Amino acid sequence: MIRYLFLVLFYCFLPGPAHFAESPEISAGVREEYISRVNPVVLSEKQIRYFTRQFKNKCSRCHGKKGDGQGKKAKGAIPPADFTDSAFMNSRTDVQFYNQIEKGGQGKSSMPAYGPGSAINWNEEKIWGMVAFIRRFSKASP
Ligand code: HEC
């Protein structure tokens, strides 16, 4: 039993991959009002076309056209993650993605803030829509 506890403790303190450890969304924490929230947006075909264009115009220079994090501007201390990697995608909740898009890198990375009140000023529905859209990169036919 003691040995089991020790093992659990050991795994808790193992450093994760650098990207996860440094990601500002972890240190910033998840906004409380969203903890129990599930993405309310299910994309229609029309919305998928809309967010495909939005992603191409606004995100792909850093996140890559395919969402693989290989955009030309992807370099930096904390590079964008690979949205086509289902292991990464499964390790993050919709709320974490929501917060990241809303608040951006907050000075720690080049990720801009898109949320209400930011210079870009997307509303909640649009951010949830984008979260639903980026989930598609790790599915069979994005
Ligand atoms: C100027 C470059 C840049 C642009 C433009 C940009 N991002 Fe990012 N984004 C980043 C970087 C760098 C990170 C990783 C560091 C971090 O998490 O802050 C990131 C992180 C993220 C994350 C968290 C997952 C991860 O990669 O760790 C999401 C979700 C995200 N971006 C979505 C978007 C969306 C959606 C858009 C377009 C509306 C966008 N980003 C535009 C640079 C950018």
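Before any of the text, the structure's been laid out above.
Residues numbered from 1 in each chain as written. Predicted model: local features only at pLDDT ≥ 70, side-chain atom pairs only at ≥ 80, totals over all residues.

1. Observations regarding helix 7 (residues 94–103)
Condition: Put simply, a residue is buried when 20 or more other C-beta atoms lie within 10 Å of its own C-beta and exposed when 12 or fewer do; between those, it is partly exposed, and each C-beta is set from the backbone. Secondary structure follows DSSP: runs of H or I at least 4 residues long count as helices, runs of E at least 2 residues long count as strands, and numbering of each begins at the N terminus.
Looking only at helix 7, the buried set comprises Phe-97, Tyr-98, Asn-99, Gln-100 and Ile-101. Just downstream of helix 7 lies Gly-104, where phi reads positive at about 70°.

2. Here's the deal with the environment of Asp-82
Heads up, the rule is: For every residue pair, C-beta atoms are placed from the backbone, and the pair is scored as a contact if these atoms sit within 7 Å.
Structurally, Asp-82 can be placed in the loop between helix 5 (60–63) and helix 6 (86–90). Separated by 18 residues in the primary sequence, Asp-82 and Gly-64 place their C-alpha atoms 9.0 Å from one another. Those residues in contact with Asp-82 that sit more than four places away from it in its chain are Asp-68, Gly-69 and Phe-88.

3. Some points on the site of the ligand
Applied cut-off: Here, nearness is defined through the C-beta atom: a residue counts as near a molecule or strand if that backbone-placed atom lies within 6 Å of it. Three categories are distinguished: nonpolar for Ala, Val, Leu, Ile, Met, Phe, Trp, Tyr, Cys and Pro, charged for Asp, Glu, Lys and Arg, and polar for the others, with Gly belonging to the last.
Surrounding the ligand, one finds 25 residues, the nearest of these being Cys-59, Cys-62, Ala-81, Ser-109 and Met-111. Looking at the shell around the ligand, the elements with two or more residues in it are helix 3 (24–28), helix 5, helix 7 and helix 8 (124–135). Each residue belonging to the shell around the ligand can be placed in one class, and the counts come to 14 nonpolar, seven polar and four charged.

4. Section: the packing of helix 7 against helix 8
Any two packed helices are characterised by how steeply their axes cross, that is the angle between the axes, and by the distance between the axes. Quick note on the threshold: Axis definition: a line fitted to C-alpha atoms, limited for helices to the stretch in contact. Angles are taken between N-to-C directions and run from 0 to 180 degrees. Convention used here: angles under 35 degrees read as roughly parallel, angles over 145 as roughly antiparallel, angles from 65 to 115 as roughly perpendicular, and any remaining angle as oblique. Crossings are assigned a handedness: left-handed for a near helix turned anticlockwise from the far helix by less than a right angle, right-handed for a clockwise turn.
Orientation of helix 7 relative to helix 8, taken along the N-to-C sense of each, is 120°, at an axis distance of 9 Å. Viewed along their axes, helix 7 and helix 8 adopt a mutual orientation that is oblique. Crossing hand, helix 7 versus helix 8: right-handed. The residues of helix 8 that touch helix 7, namely those facing Asp-94, Phe-97, Tyr-98, Ile-101 and Glu-102, are Ile-127, Trp-128, Met-130, Val-131 and Ile-134. In the contact of helix 7 with helix 8, the residues fall into eight nonpolar, no polar and two charged.

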